[in-house]
Amino acid sequence: MAGCRSWVLFFTVCAVSLFGARAEIKFTIPVGKFFTHELMRETFQNDFEPLSKLYAGYLYDDPMIFKCNRQHYPDLPEWLRFTQRHPYDNGFLYGTPTSPGKSIIEIYAINKRNYETTRQILVIKIVAEKLLPYQAEFFIKLREIEKVLPSPVQDEIQQDLQKLWDTEALEILNMTNALDRGGRVPLPLAGHFEGVYVKVGSEQYFSDCLLRALTPEYQRQCSSGAKVKIPGGCNFCSIPSNCISWCKMELFDLTKQEPAPPAPTIGSGILEAAGDFIPPESPPSRDFFPDYLVTVIVPLILAIILCLLLAYIMYGRREGVEKRNARTNQIQLYHHHTIHGNTDELRNMSGSRGVSPPLSTLPMFNSRTGERASPPLQSDSPTIPLIMAQHDPYCDTLPR
């Protein structure tokens, strides 16, 4: 009997694990109301390991990532968003529907430990309902979207805004990440947050605190960039992280909005008979010669002018070899020619060794008088001086 009960329990757990994961979760929400659904990791963990806690006494805490899309579509509906900051965090589906209808959402949970996958079906039925006539949007600077989506945090924000509006009949209509509204990504440092826009609505008209924040004097303070003071008696922020930015508040009075224009009349789709088609006349002839001048001739003239200017700079302003030699000291010029002559002589001697010693090894001229020395001696004796200082110890070897 005990064995039979064990088998019955085993088959029951297996049936729950097989069919429970495929069960549909249904929601019915009105148009214009905020919808939030939290994807609990513990729920999907039981689908991955249904018998681990019953027999092994151990429950895994695996990292998971969620993939959500509309059934038979690659993405979610345009009004629905999904967020999950880390694989060890729960995911959130949130948004505000704008039109009646029905959406079937497929939720896939992927276990990052063993890469198992499970699926959940979410059926959202959207019904028509009248919108709240008075709405307001606030910006909470010190919050992130994942931190305000849980129900306790939404209740805290709603209570503060109820005190600010001076009414209990206040509902949250939408929550939007500031990054989805064009905000900048904050620095990964403590004290920097993305920010959240919270939209609420009510049947009651705006309170005096809300109207005081839209006065021209208060708006002038906001535009100046200075630190803005909260209007007197309007600080109902119980938690510092839930405080709103008064300069980013907007009020919407739907009772004063102009009615939407009527829809266009849909015809039969058949064009009325209007006779034969008359094609338009040929366009008048156009003179392209001015365009040719601007496009070809003008750049060509500019190129010629630049070439002439460059030629004058390169050739017209050169001083010439004769003018340069006339302005150069004769001793320096003679020394320069001697260096060139010695260079040519060394190059000629590089091919053959059976020639007389080079002139560069003999004294050339007296640096004081500029006179050439005695004719070179035709000898390879090492006793012949190589420079003038060895021949005349009283001569000055420094160049003048």
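Residues numbered from 1 in each chain as written. Predicted model: local features only at pLDDT ≥ 70, side-chain atom pairs only at ≥ 80, totals over all residues. Heavy atoms only, no water.

### A short note on the overall build of the protein
A count of helices and strands for the protein gives 11 helices and 11 strands. Out of the 400 residues in the protein, the part that is buried amounts to 29%. Here the analysis covers contacts within the protein between residues at least 6 apart in sequence; of these, 68% occur between residues at least 24 apart. Carbon and sulfur atoms form 58% of the exposed surface of the protein, whose accessible area is close to 28,300 Å². (Helix = DSSP H or I, 4+ residues; strand = E, 2+ residues; numbered from the N terminus. Buried < 20%, exposed > 50% of the residue type's maximum accessible area, 1.4 Å probe, protein only. Contact = heavy atoms within 4.5 Å. Areas by Shrake-Rupley, 256 points an atom, 1.4 Å probe, with all protein chains shown as cover.)

### Section: the pairing of strand β10 (residues 196-202)
Across the seven residues that make up β10, a large majority, six, are buried. Across seven bridges, strand β8 (residues 134-140) lies against β10 in antiparallel orientation. Across the sheet, residue F138 finds its bridge partner in β10, namely V198. Relative to β10, strand β9 (residues 170-177) runs antiparallel, the two sharing seven bridges. Bridging across to β10, I172 finds its partner in V200. (Pairing = 2+ DSSP bridges.)

### Thoughts on the pattern of salt bridges
Counted by the stated rule, this structure contains 11 salt bridges. Residue R85 is joined to E146 by a salt bridge in which the shortest nitrogen-to-oxygen separation is 2.8 Å. Placement of the pair is R85 in the loop between β4 (80-83) and β5 (91-95) and E146 in helix α4 (residues 145-148), with a sequence separation of 61 residues. Taken together, the shared-partner salt bridges connect R85, E144, E146 and E194 into one network. (Salt bridge = Lys/Arg side-chain N within 4 Å of Asp/Glu carboxyl O.)

### Brief notes about the sheet that holds β9
On the basis of which strands lie adjacent, the open sheet formed by four strands has the order β9-β10-β8-β11 and antiparallel pairing. Looking at strand neighbours, the two that pair on one side only are β9 and β11 (250-253), the edges of this open sheet. Neighbour to neighbour, the strand axes of the sheet diverge by 20 degrees on average, direction disregarded. Where helix α5 (residues 151-165) meets the sheet, it contacts β8, β9 and β10, and its direction lies at approximately 120 degrees from that of β9. (Axes fitted to C-alpha atoms, helices over the stretch in contact; angles between N-to-C directions.)

### Looking at the sheet that holds strand β6 (residues 101-111)
Spatial ordering of the open sheet is given by β1-β7-β6-β3, a layout of four strands whose pairing is mixed. The open sheet has two edge strands with one neighbour each: β1 (24-30) and β3 (64-70). On average, each strand axis in the sheet is tilted by 25 degrees relative to the strand beside it, whichever way the strands run. For β1 and strand β7 (residues 117-127), the ladder comprises seven bridges, and the chain directions are parallel. Bridge pairing links T28 to K125 in β7.

### Here we look at the side chain of T83
In this structure, T83 sits in strand β4. Given a relative accessible area of 11%, T83 falls into the buried group. Sequence-distant contacts of T83, that is, excluding residues within four places in its chain, are made with N90, G91, F92, Y94, I145, E146 and L149.

### Observations regarding the packing of aromatic side chains
Following the criterion strictly, the structure yields nine aromatic pairs and no others. Where W165 meets F206, the ring centres are 5.4 Å apart and the plane angle is 45 degrees; that geometry is what we call tilted. Of this pair, W165 sits in helix α5 while F206 sits in the loop between β10 and α6 (208-212), placing them 41 residues apart in sequence. By relative accessible area, which is 8% here, F206 ends up buried. An aromatic cluster is defined as three or more aromatic residues linked by ring pairs; in this entry it consists of Y134, W165, Y205 and F206. Residue placement shows K199 over the ring face of F252; its charged tip is 4.8 Å from the ring centre. (Phe/Tyr/Trp six-rings, centres within 6.5 Å; stacked < 30°, edge-to-face > 60°. Lys NZ or Arg CZ within 6 Å of the ring centre and 35° of its normal.)

### Observations regarding the nonpolar core
F138, L161, L164, M175 and V200 are the most contacted members of the largest nonpolar core, which totals 32 residues. Counting only elements with at least two residues in this core, the list comes to β5, β8, α4, α5, β9, β10, α6 and α7 (216-224). No other element matches the five residues that α5 contributes to this core. When neighbours within four sequence positions are excluded, M175 is seen to be in contact with F34, Y94, I145, V148, L149, Q154, I157, Y197 and V198. Core analysis: the second largest hydrophobic core is formed by 18 residues, F35, M64, W79 and I126 among them. (Core = buried A, V, L, I, M, F, W, Y, C linked by side-chain atoms within 4.5 Å.)

By themselves, these observations are geometric and do not establish any function.
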